[in-house]
Structures are given as C-alpha cells and as structure tokens.
Amino acid sequence: MESINYTKANEQIEKLKNQNLIIKDTERARQSLELFGYSNLIKSYRDPYVIISDGKKLFRSGVSFEQIYSLYMLDKNLRIAVMASMLDLEEHIKEITADVIAQSFGTHQDQYLKYSNYQNKRKYKFRFTLAGILDTLKKTLETDKEPIHHYMEKYQMVPPWILFKSVYFSTIVNFIDQLKAKEQQMIARRIYDLQDGTSEDKQVQMMMDTLYIALEYRNIAAHGGRIYNYKIKRDLSTKDDFPSSQGFCLLLRLLNLMKYQGPYKYLESVLNRELNRHCNLFPQDITYLEKILNISITTHNVVWITECSKIYHSSPHCSGMKKAHEIDLEKAEKLGYSPCNKCLK
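Residues numbered from 1 in each chain as written. Predicted model: local features only at pLDDT ≥ 70, side-chain atom pairs only at ≥ 80, totals over all residues. Heavy atoms only, no water.

Overview of the overall build of the chain
Turning to step 1, where the next piece is worked out: Scanning the chain from N- to C-terminus turns up 15 helices and six strands.
Turning to step 2, where the next piece is worked out: Across its three principal directions, the C-alpha atoms of the chain cover 65 × 65 × 45 Å.
Turning to step 3, where the next piece is worked out: Each of the 345 residues in the chain was classed as buried or not, and the buried ones make up 45%.
Turning to step 4, where the next piece is worked out: Surface accessibility of the chain: about 19300 Å² in total, with carbon and sulfur atoms responsible for 49%.
Turning to step 5, where the next piece is worked out: Computed over 49 positive and 41 negative side-chain charges, the inter-centroid distance for the chain is 2 Å. (Helix = DSSP H or I, 4+ residues; strand = E, 2+ residues; numbered from the N terminus. Buried < 20%, exposed > 50% of the residue type's maximum accessible area, 1.4 Å probe, protein only. Areas by Shrake-Rupley, 256 points an atom, 1.4 Å probe, with all protein chains shown as cover. Lys, Arg positive; Asp, Glu negative; His and termini not counted. Charge placed at Lys NZ, Arg CZ, Asp CG, Glu CD.)

Here we look at unusual backbone geometry
A negative phi angle is the norm for most residues apart from glycine, just as the trans form is the norm for most peptide bonds.
Turning to step 1, where the next piece is worked out: With omega at 5 degrees, the peptide bond leading from E146 into P147 counts as cis.
Turning to step 2, where the next piece is worked out: You can see P147 is positioned in the loop between α6 (130-140) and α7 (148-155).
Turning to step 3, where the next piece is worked out: The backbone phi angle of D54 is positive, close to 55 degrees, even though this residue is not glycine.
Turning to step 4, where the next piece is worked out: Within the secondary structure, D54 sits in the loop between β1 (50-53) and β2 (56-59).
Turning to step 5, where the next piece is worked out: When its relative accessible area of 80% is taken as the criterion, D54 is described as exposed.
Turning to step 6, where the next piece is worked out: Positive phi outside glycine occurs at K323, with the angle close to 55 degrees.
Turning to step 7, where the next piece is worked out: Looking at the element boundaries, K323 is found in the loop between β4 (311-312) and β5 (325-328).

Some details on the environment of H300
Turning to step 1, where the next piece is worked out: Considering the arrangement of structural elements, one finds H300 in the loop between α14 (286-293) and β3 (302-305).
Turning to step 2, where the next piece is worked out: It is 7.0 Å that separates the C-alpha atoms of H300 and D328, two residues lying 28 residues apart in sequence.

Focus: the pattern of salt bridges
Turning to step 1, where the next piece is worked out: A complete count under the given rule lists 15 salt bridges for this structure.
Turning to step 2, where the next piece is worked out: Across the salt bridge formed by D209 and R234, the nearest N and O atoms sit 3.0 Å from each other. Of this pair, D209 sits in helix α11 (residues 200-222) while R234 sits in the loop between α11 and α12 (247-256), placing them 25 residues apart in sequence.
Turning to step 3, where the next piece is worked out: Note on D209: relative accessible area 0%, which makes it buried. (Salt bridge = Lys/Arg side-chain N within 4 Å of Asp/Glu carboxyl O.)

Describing the packing of α11 against α12
Turning to step 1, where the next piece is worked out: The interhelical angle for the contact between α11 and α12, taken along N-to-C directions, is 135 degrees, at an axis separation of 10 Å. With respect to α12, the axis of α11 lies oblique. The element α11 and its partner α12 pack so that their crossing is left-handed. Between α11 and α12, the contacting residues are M206, T210, I213, A214 and Y217 on the first element and G247, F248, L250, L251, L254 and L255 on the second.
Turning to step 2, where the next piece is worked out: Among the residues making up the contact of α11 with α12, the classes are represented as nine nonpolar, two polar and no charged. (Axes fitted to C-alpha atoms, helices over the stretch in contact; angles between N-to-C directions. Parallel < 35°, antiparallel > 145°, perpendicular 65-115°, else oblique. Left-handed = near helix turned anticlockwise from the far one by under 90°. Contact = heavy atoms within 4.5 Å. Nonpolar A, V, L, I, M, F, W, Y, C, P; charged D, E, K, R; others polar.)

Some details on the packing of aromatic side chains
Turning to step 1, where the next piece is worked out: Under the counting rule described, the total for this entry stands at 12 aromatic pairs.
Turning to step 2, where the next piece is worked out: Ring geometry for F105 against Y118: centres 5.7 Å apart, planes inclined by 65 degrees, an arrangement best described as edge-to-face. Of the two residues, F105 sits in helix α4 (residues 65-105) while Y118 sits in the loop between α5 (109-112) and α6, which places them 13 residues apart along the sequence. Each member of the pair, F105 as well as Y118, carries the same accessibility label: buried.
Turning to step 3, where the next piece is worked out: Judged by centre distance (5.2 Å) and plane angle (75 degrees), the ring pair of Y217 and Y230 falls under edge-to-face. On the criterion of sequence distance, the pair formed by Y217 in helix α11 and Y230 in the loop between α11 and α12 is long-range, its members being 13 residues apart. (Phe/Tyr/Trp six-rings, centres within 6.5 Å; stacked < 30°, edge-to-face > 60°.)

Right, dumping it as structure tokens:
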C-alpha cells in the first residue's frame, strides 16, 4: 500500500515546479500553501490544468500557481455566498411554512404536530420519515435553549414559527415533502408568482426540486466541497423544463423563479464578480468555465469609487475607503473619475 508522506510547503513548491507548474512568486505561494493547505488548494483545483504523460501527472504548458489559486478563490467565494444565500432562503422558507401550518392546523404543538395532518411518504432514512420528523420536532420542544424554553415556561406552547427556527433546513425541507397537497400548494403559492399558467402540481414539484437542490448546495458548501463544478445528485421531476441547465446554473435558474429574489441576486452578483475577476486575469479559462457553468462569459473591467472623490481604485479597500461600490471602468472615466496614484500607478 502506498504511504502518504508529510511534506512542508517548501518541499511542496519544489514538487510543483518539477511537475511543470510556473510559480511567479515563491514566497507568496509558500504562504498560500501554509494558509490553505496543499490538498485544499492544489489537489482540489488542479484537474483542469493537468495532463498525464508517461504515467506522471504534469501541468500543462503555461499554467501557473497563481492561476490555480485564483480558481480556488473563485470557488471559495462562491462557497461563502452559497452559505449566506441558503441561510437567507432557509429563513424565508421556514417563515412561510410556519404561517401555512398555523393557518391550517393551529398554533399549539399538539394541534400542528398531529400525525394525521400529514402524508407518510417512504424515505430511505428514518429521520426523514414522517415519524422521524415529528419525533425530531417533539424532542426539540424539550430544549432548554431560547426562545423555545421561554415559550414553554410562559405559555406552555410553542408556535411553529418559533419551533422551526431551531431545526435544521434538511428537517424543514423533508417536513414540507410530507405535507398533504393542500398545504404544499399553499406554500408554493407564497413562493411563486408564475404567470404562464403553470399548474399547482407543477409548482409544488418545482418547489421541492428547488428546496432539495438548495439543500444539496448548502451541505456541500458547509463541508468545504467544490461549488463551481458540483454535479447535482437529485433527479429532477421538472427536468424537461430545464433541458440545458445543470449544476450552479440550474440552481440560479430555480432561485430566479421565486418571488423573493434575495438568494438569487446575491449568488448571481458574486458569480459575475468572481468570473469577471478570474477571467480578466486568465482569459484562457473562459471556455472551460463556460462549459462547466453552462453560461456565456463576457468580461469587463471594473473599478471602485465613492461619492466622496472623483478617483477610482482597483480595490474597494484602498486608502481606507468606506462604502465603495464597483462600476465599469469605461463608465467611471466618462463620469470624470481619474485613476488612483496608489493602487493603479
């Protein structure tokens, strides 16, 4: 069995050089490897840049450490954005679900946690069966954490909008999947405002596809997995409506159908910003990223400005700027802005 040997950053750099990788700034590369780790940075993001020659893995001609690092940062920033946007989506979905449950069954746990209120879909894991979900929710009522404990002590009841705050997103998504058609349709009507004659059953299918895919991305992001080229495992019930969409592009398309646009707009803005940054630095990656993300990439030069001066910057943090916002370079120049002598000299 082949052993795995410990190597220091300097030894890792020599190994990379021997594999034909260009390293323009050795000290910065060493710091990056020590900060993020060889496995996270190199092994996880080298695949688009390597070839196999005589049984050895070598980097393609012209590929640099900085290029791999830039792709790593693109994906890392997407991963952070996924976590933030999925937390936003989770809060939105929990609130809608709690409102529908209270409207249909009441606000006391003995009313809305009745087994007969729900269907009983077969699930692979017990915790996602109806019995498992209701058991989880009832055990959560026994916590000494606030605000559930406060409600139990003061009112001897916990309304669903308080209970749902303390359970995992996966529990809520599978809980919604166990609702009967009436309540699922009520939730879907709150989520969507489709004007194309889409049936209520189709809206429910789209809602469940969206929630399960969002949950996939949230889980892969939470465990440090790659986001930009992640392949969705769920077999969509509405796949005929998205014949050319896959991966991250599909997540964006599904989120964009929702009335609440917060998660979609945030993810789209981070994706566009990171693609523009990376592809301006490494335009040779455009074709690869277009294929992986199933989108068209058009780069543009952006700079950062404030309302306090007529100077534009390459960094939003240059000279201690506050409340800087990005703008196309061409537009900034037309508006009379001049380049910063510090960050753009």
